[in-house]
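Reading the structure
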Amino acid sequence: MAVVKARKSDIDLLARLLRAEGEAEGEMGMLLIGNVGINRIRANCSDFKGLRTIPQMIYQPHAFEATTHGYFYQAPRESERRLARKVVNGERFWPAKFSLWYFKPQGNCPPTWYDQPFVSRYKAHCFYQPSAEECESVYTTF
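Quick notes on the rules
Residues numbered from 1 in each chain as written. Predicted model: local features only at pLDDT ≥ 70, side-chain atom pairs only at ≥ 80, totals over all residues. Heavy atoms only, no water. Helix = DSSP H or I, 4+ residues; strand = E, 2+ residues; numbered from the N terminus. Buried < 20%, exposed > 50% of the residue type's maximum accessible area, 1.4 Å probe, protein only. Lys, Arg positive; Asp, Glu negative; His and termini not counted. Salt bridge = Lys/Arg side-chain N within 4 Å of Asp/Glu carboxyl O. Polar contact = N/O pair within 3.5 Å; in protein donor to acceptor, adjacent residues only side chain to side chain. Contact = heavy atoms within 4.5 Å. Core = buried A, V, L, I, M, F, W, Y, C linked by side-chain atoms within 4.5 Å. Pairing = 2+ DSSP bridges. Disulfide = S-S within 2.5 Å.

**A short note on the side chain of R40**
Following the sequence through the fold, R40 ends up in helix 2 (residues 26-43). One buried charged residue, R40, forms no salt bridge at all, with the nearest opposite charge on D47 at 7.6 Å. In this structure the side chain of R40 is engaged in a polar contact, spanning 2.8 Å, whose partner is the backbone oxygen of L100. If sequence neighbours within four positions are ignored, R40 has contacts with F48, L51, M57, A63, F64, L100 and W101.

Here's what the structure looks like:
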């Protein structure tokens, strides 16, 4: 059962994001990126207050660099749609289970990002989750 509302066009949009942001990280990397996006919709805290839909989350200003590149605008493949449906249906994976941020540094992962603690690295991406004081809802929405 979906944890956020998603029409076919939303699944396609999310699938395009997963590919554009995480294809080099394989299926698990794309799933982790999807977890962060779904967490942003569900948490309603920090920089993500008021996000309720997949398009709002993806097109939030400065949220995803991939939306500024042409690869993002290519049609999704069925394999990416399958991954998008998994995260929309609530499948969560560590280290993105409660994460609201990730990024791909050139070197080591810094201990904080947007003042939030480092969780772990998956391949080239570093994941960060808020403290319970900053965003309790990210821990209670599922």
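What follows picks up the thread again.
**A short note on the nonpolar core**
Buried together is how nonpolar side chains tend to be arranged in soluble globular proteins. Residues L14, I54, M57, I58 and L100 are the most contacted members of the largest nonpolar core, which totals 40 residues. For this core, the secondary structure elements donating two or more residues are helix 1 (8-22), helix 2, helix 3 (54-58), helix 4 (78-88), strand 1 (101-103) and strand 4 (125-128). Leaving out residues up to four positions away in the same chain, L100 has contacts with V36, N39, R40, A43, C45, F48, Y128, Q129, P130, C135 and V138.

**A look at the pairing of strand 4**
Residues H125 and F127 of strand 4 are buried on one face, and the alternating residues C126 and Y128, pointing to the opposite face, are buried as well. As paired elements, strand 1 and strand 4 share three bridges and run antiparallel to each other. Residue pairing across strands places F103 opposite C126, the latter belonging to strand 4. Direction of pairing for strand 3 (residues 116-122) relative to strand 4: antiparallel, over a ladder of four bridges. Paired with Y122 across the two strands is H125, which belongs to strand 4. Adjacent in sequence and paired antiparallel, strand 3 and strand 4 are bridged by two residues, among which K123 carries a positive phi angle near 50°.

**Some points on the state of the cysteines**
The full count for this structure, using the stated rule, is two disulfides. Two residues, C45 and C135, share a disulfide whose sulfurs are 1.7 Å apart. The chirality of the disulfide connecting C45 with C135 is left-handed, given an S-S dihedral of about -80°. Highlighted residues: C45 in the loop between helix 2 and helix 3 and C135 in the segment after strand 4, separated in sequence by 90 residues. Across this residue pair, the class does not change: C45 and C135 are buried. Paired through a disulfide, C109 and C126 show a sulfur-sulfur distance of 1.9 Å. Looking along the S-S bond of the C109-C126 disulfide, the torsion reads about -80°, which is the left-handed sense.

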